[in-house]
Amino acid sequence: MRFFALYLTLLWDWRADQGSPARARRHTAVISGEDSTRLARALIEFREAEGISERELARRTWLSEATIRTFERGRGDLPTPTVARTFEELLGWAPGSIKTAPSEAMGRDASADSAVDLE
């Protein structure tokens, strides 16, 4: 059941990225250059240690290649809560260690990001 709830959450984020007016607003907030560089370096080091491509990392995390590229390039964009959780789990970082874009800025309420907790 948790897998299905995670799938729905990821699908919700994907749909929010497809031409939504919220998409343009989401990337107005940025993380600090230091945090962005730290995340980018950690993602690249993880990928290189695993010997995988950006495409394979995207497949494993259920994120798009564009999302992986965005955060590996360290452009400073704030990830959605779902993307941040995915990266935290992947890298073994503590939950909440990656600053996220507020749910309101994405045009939906915070409860939409809690779908993983449903059983």
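For the structure, see preceding data.
I will try to describe carefully the structure that is included in this document.

Rules used in this analysis
Residues numbered from 1 in each chain as written. Predicted model: local features only at pLDDT ≥ 70, side-chain atom pairs only at ≥ 80, totals over all residues. Heavy atoms only, no water. Salt bridge = Lys/Arg side-chain N within 4 Å of Asp/Glu carboxyl O. Helix = DSSP H or I, 4+ residues; strand = E, 2+ residues; numbered from the N terminus. Buried < 20%, exposed > 50% of the residue type's maximum accessible area, 1.4 Å probe, protein only. Phe/Tyr/Trp six-rings, centres within 6.5 Å; stacked < 30°, edge-to-face > 60°. 1 Å grid on protein atoms, 1.4 Å probe; cavity = no way out; pocket = protein on both sides within 12 Å on 5 of 7 lines; lining within 4 Å. Points joined across faces, edges and corners; volume = space filled by probe spheres on them. Nonpolar A, V, L, I, M, F, W, Y, C, P; charged D, E, K, R; others polar.

Focus on the pattern of salt bridges
Working step 1: Evaluation of the coordinates by the stated rule reveals eight salt bridges.
Working step 2: We note a salt bridge from Glu-65 to Arg-55, for which the minimum N-O separation is 3.1 Å. A residue pair is termed long-range when its members are at least 10 positions apart, and Glu-65 in helix H5 (residues 65-72) and Arg-55 in helix H4 (residues 54-61) qualify at 10 residues.
Working step 3: Look at Arg-55 and you get exposed, because its relative accessible area is 59%.
Working step 4: A salt bridge links Glu-56 to Arg-59; the shortest N-O distance between them is 2.6 Å. In this pair, Glu-56 and Arg-59 are both assigned in helix H4, three residues apart and thus about one turn of the helix distant.
Working step 5: By sharing partners, the salt bridges in this structure join Glu-50, Glu-56, Arg-59 and Arg-60 into a single network.

Thoughts on the packing of aromatic side chains
The geometry of an aromatic ring pair comes down to the distance between the two centres and the angle between the two planes.
Working step 1: Tallying each qualifying case throughout the model produces one aromatic pair.
Working step 2: Seen from their ring centres, Phe-71 and Phe-87 are 5.6 Å apart, and the 70° between their planes marks the pair as edge-to-face. In this pair, Phe-71 sits in helix H5 while Phe-87 sits in helix H6 (residues 81-91), placing the two residues 16 residues apart along the sequence. Assigned by exposure class, Phe-71 and Phe-87 land together as buried.

Concerning empty space enclosed by the protein
Working step 1: Going through the model one piece at a time under the given rule, you end up with two cavities of 30 Å³ or more.
Working step 2: Counted as a void, the largest cavity has a volume near 60 Å³.
Working step 3: Surrounding the largest cavity, Ile-31, Asp-35, Arg-38, Leu-39, Trp-93, Ser-97, Ile-98 and Lys-99 form its lining.
Working step 4: Looking at the lining of the largest cavity residue by residue, the classes come out as four nonpolar, one polar and three charged.
Working step 5: Approximately 40 Å³ is the volume found for the second largest cavity.
Working step 6: Ile-31, Ser-36, Leu-39, Thr-70, Phe-71, Gly-74, Arg-75, Gly-76 and Asp-77 are the residues that line the second largest cavity.
Working step 7: Breaking the lining of the second largest cavity down by element, the ones donating at least two residues are helix H3 (33-50) and H5.
Working step 8: Across the lining of the second largest cavity, the residue classes break down as three nonpolar, four polar and two charged.

Quick word on H6
Working step 1: The element H6 is extensively covered by neighbouring structure, given that eight of its 11 residues are classed as buried.
Working step 2: At the exit of H6 stands Gly-92, carrying a positive phi of roughly 75°.

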